[in-house]
Amino acid sequence: MALEHKMTDVNNRLKAKKFSSEVMHEGRGKSFFSKFTSTKGDNVIWVRDDLKAAGDGVVYPFIRSLEGAGVTGKTRLIGNEETLQQHEIYMDCGVLRHAVASYAQDQAWIPWDLDKEAREALITWYADKLDQLLMKALTTNNTNVLYAPNASGAWATAESQITSGHKLTVDVLSGLKAVLDSSYKIFQHVKVSEFGNKKYAIGLFHPDVINDLRKDPDWKTIQKDAAERGTTNPLFSGAEGYVHGTVCWSYDKVPVTLTGAGGIPVYHNVILGEKSAIHAVKEKMKPISQDDDYGEVKGKGVRSIEGLNKVTIEDREKSKRTDFGVIKFVTAGSPAPATFKLFNI
């Protein structure tokens, strides 16, 4: 009997551990940003879950890509070497936890497994939480901000100048490409294996902003004439399309504020490159539980220690820190007509 009791305890602990690991693993996979995530630092989000450092935070070593051209032929290399540009990135980590409570009588009255439903609910919660935290980090206290131009080509310089004419168009994306190409010190394009290992900038635009882009006659022409055939076409990944090196995604969590001219909506879209943000996990998810009211109420949840934030590096020319791989792109947008909306929300 003692052996059976011990084996039951072991099985229960293993089951609980499996529960928490599945919530973390499947929650990451369900996150919108999962397609832009890598543990190698070669995508938009750099995930590190092998951290053992003491204290509340983690220091990351960050080395920027070499900028020099090198030498060819008989040109002497001595004197033309390049020094590694090393930076330290501090990531603050904190406790993240949540749980689902249920009554014993509920399980007796319904035909489905409440533990399984709790697992699915926590997976969805964790995925949404990651998306929420990442989007907030990527659009808060930005040092690199562009404001869309109007129909005459005049670029705005503040949110208060944004009018309904400051829309996203193919011509605007062409101007964006010129900006990105000249910003190699703070922006590196992402090599995406699913897209034939070609390098792209990742643009996250609110659906109202994408609505404007779709109305541009040049957009449809470019997508029709320039689209590649086969699975390396970014359209197969769910993207809206791509032009001038930027893959455009529609994302409804892009922040909207009433801060434009006359209080019109302003959309805080982002253009992302390699290592835009870091997701640091100091302690992977562990199961937590709580019984209350003599076992009538049972709580089952998860707990981890992690942190997410965008990457900032030291700008030695300006003696301050600047965002790396993140450019906020502020535009106007055109909401869908009310008659097209399925729900009044």
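Residues numbered from 1 in each chain as written. Predicted model: local features only at pLDDT ≥ 70, side-chain atom pairs only at ≥ 80, totals over all residues. Heavy atoms only, no water.

## A look at the overall build of the chain
- Counting secondary structure elements, the chain contains six helices and 17 strands.
- Classification of the 345 residues of the chain by burial places 40% in the buried group.
- Here the analysis covers contacts within the chain between residues at least 6 apart in sequence; of these, 73% occur between residues at least 24 apart.
- Summed over all atoms, the accessible surface of the chain reaches about 19,600 Å², with 53% contributed by carbon and sulfur. (Helix = DSSP H or I, 4+ residues; strand = E, 2+ residues; numbered from the N terminus. Buried < 20%, exposed > 50% of the residue type's maximum accessible area, 1.4 Å probe, protein only. Contact = heavy atoms within 4.5 Å. Areas by Shrake-Rupley, 256 points an atom, 1.4 Å probe, with all protein chains shown as cover.)

## Examining the side chain of Asp216
- Checked against the element boundaries, Asp216 lands in the loop between α5 (207–215) and α6 (217–226).
- Within the buried set, Asp216 has no salt-bridge partner at all; the shortest N-O distance to an opposite charge, 10 Å, is to Lys220.
- Apart from the residues lying within four places of it in its own chain, the contact partners of Asp216 are Thr169 and Val170. (Lys, Arg positive; Asp, Glu negative; His and termini not counted. Salt bridge = Lys/Arg side-chain N within 4 Å of Asp/Glu carboxyl O.)

## Concerning the pairing of strand β10 (residues 246–250)
- A large share of β10 lies buried, amounting to four of its five residues.
- Pairing geometry for strand β8 (residues 198–205) and β10, over five bridges, is parallel. Pairing of Leu204 across the sheet is with Trp249, part of β10.
- From the end of strand β9 (residues 241–243) to the start of β10, which pair antiparallel, there are two residues, and His244 there has a positive phi angle of about 50°. (Pairing = 2+ DSSP bridges.)

## Details of the nonpolar core
- Grouped together as the largest cluster of nonpolar side chains are 36 residues, with contacts concentrated most on Phe33, Leu204 and Leu272.
- Contributing elements (two or more residues each) for this core: α1 (2–30), β2 (45–48), α3 (114–138), β8, β10, β12 (266–272), β13 (277–292) and β14 (297–310).
- It is α3 that contributes the most residues to this core, eight residues altogether.
- Core analysis: the second largest hydrophobic core is formed by 20 residues, Leu180, Val209, Ile210 and Tyr267 among them. (Core = buried A, V, L, I, M, F, W, Y, C linked by side-chain atoms within 4.5 Å.)

## Observations regarding the packing of aromatic side chains
- A complete count under the given rule lists 10 aromatic pairs for this structure.
- Between Phe32 and Tyr251, the aromatic rings sit 3.9 Å apart at their centres with planes inclined by 15°, giving stacked as the arrangement. One end of the pair, Phe32, is in the loop between α1 and β1 (37–38); the other, Tyr251, is in the loop between β10 and β11 (256–257), and 219 residues separate them in sequence.
- The exposure class of Phe32 is buried, given its relative accessible area of 15%.
- What makes Tyr251 buried here is its relative accessible area of 4%.
- An angle of 45° between the planes, with centres 6.4 Å apart, marks the rings of Trp155 and Phe329 as tilted. Of the two residues, Trp155 is situated in the loop between β6 (145–147) and α4 (170–181) and Phe329 in strand β17 (residues 326–331); the sequence distance between them amounts to 174 residues.
- Judged by its relative accessible area of 0%, Phe329 is buried.
- The structure contains a cluster of three or more aromatic residues connected by ring pairs, namely Phe32, Phe33, Phe36, Trp249 and Tyr251. (Phe/Tyr/Trp six-rings, centres within 6.5 Å; stacked < 30°, edge-to-face > 60°.)

## Re the environment of Thr312
- As for its placement among the helices and strands, Thr312 is situated in strand β15 (residues 312–315).
- According to the relative accessible area criterion, Thr312 is partly exposed, its value standing at 22%.
- Along the chain, Thr312 and Glu88 lie 224 residues apart, while their C-alpha atoms are 9.2 Å from each other.
- Apart from the residues lying within four places of it in its own chain, the contact partners of Thr312 are Ile89, Arg321, Thr322, Asp323 and Phe324.

## Some remarks on unusual backbone geometry
- Not every positive phi belongs to a glycine, and Lys275 is a case in point at roughly 55°.
- On the accessibility criterion, Lys275 (16% relative accessible area) is buried.
- One non-glycine residue, Tyr294, adopts positive backbone phi at about 60°.
- Within the element layout of this structure, Tyr294 appears in the loop between β13 and β14.
- The exposed category is assigned to Tyr294, whose relative accessible area is 88%.

## Examining the confidence of the model for the chain
- Summing up the model confidence of the chain, the mean pLDDT is 83 and the portion of residues at 70 or higher is 81%.
- β12 holds the highest mean pLDDT among the elements of the chain, 97, whereas α1 holds the lowest, 66.
- Low pLDDT, under 50, characterises residues 1–11; the stretch is placed with zero contacts to residues that sit more than four places away or in other chains. (pLDDT = per-residue confidence, 0-100.)

## Thoughts on the environment of Ile222
- Mapping Ile222 onto the fold places it in helix α6.
- For Ile222, a relative accessible area of 22% puts it in the partly exposed group.
- Distance from Ile222 to His244, taken between C-alpha atoms, is 9.8 Å for residues 22 residues apart in sequence.

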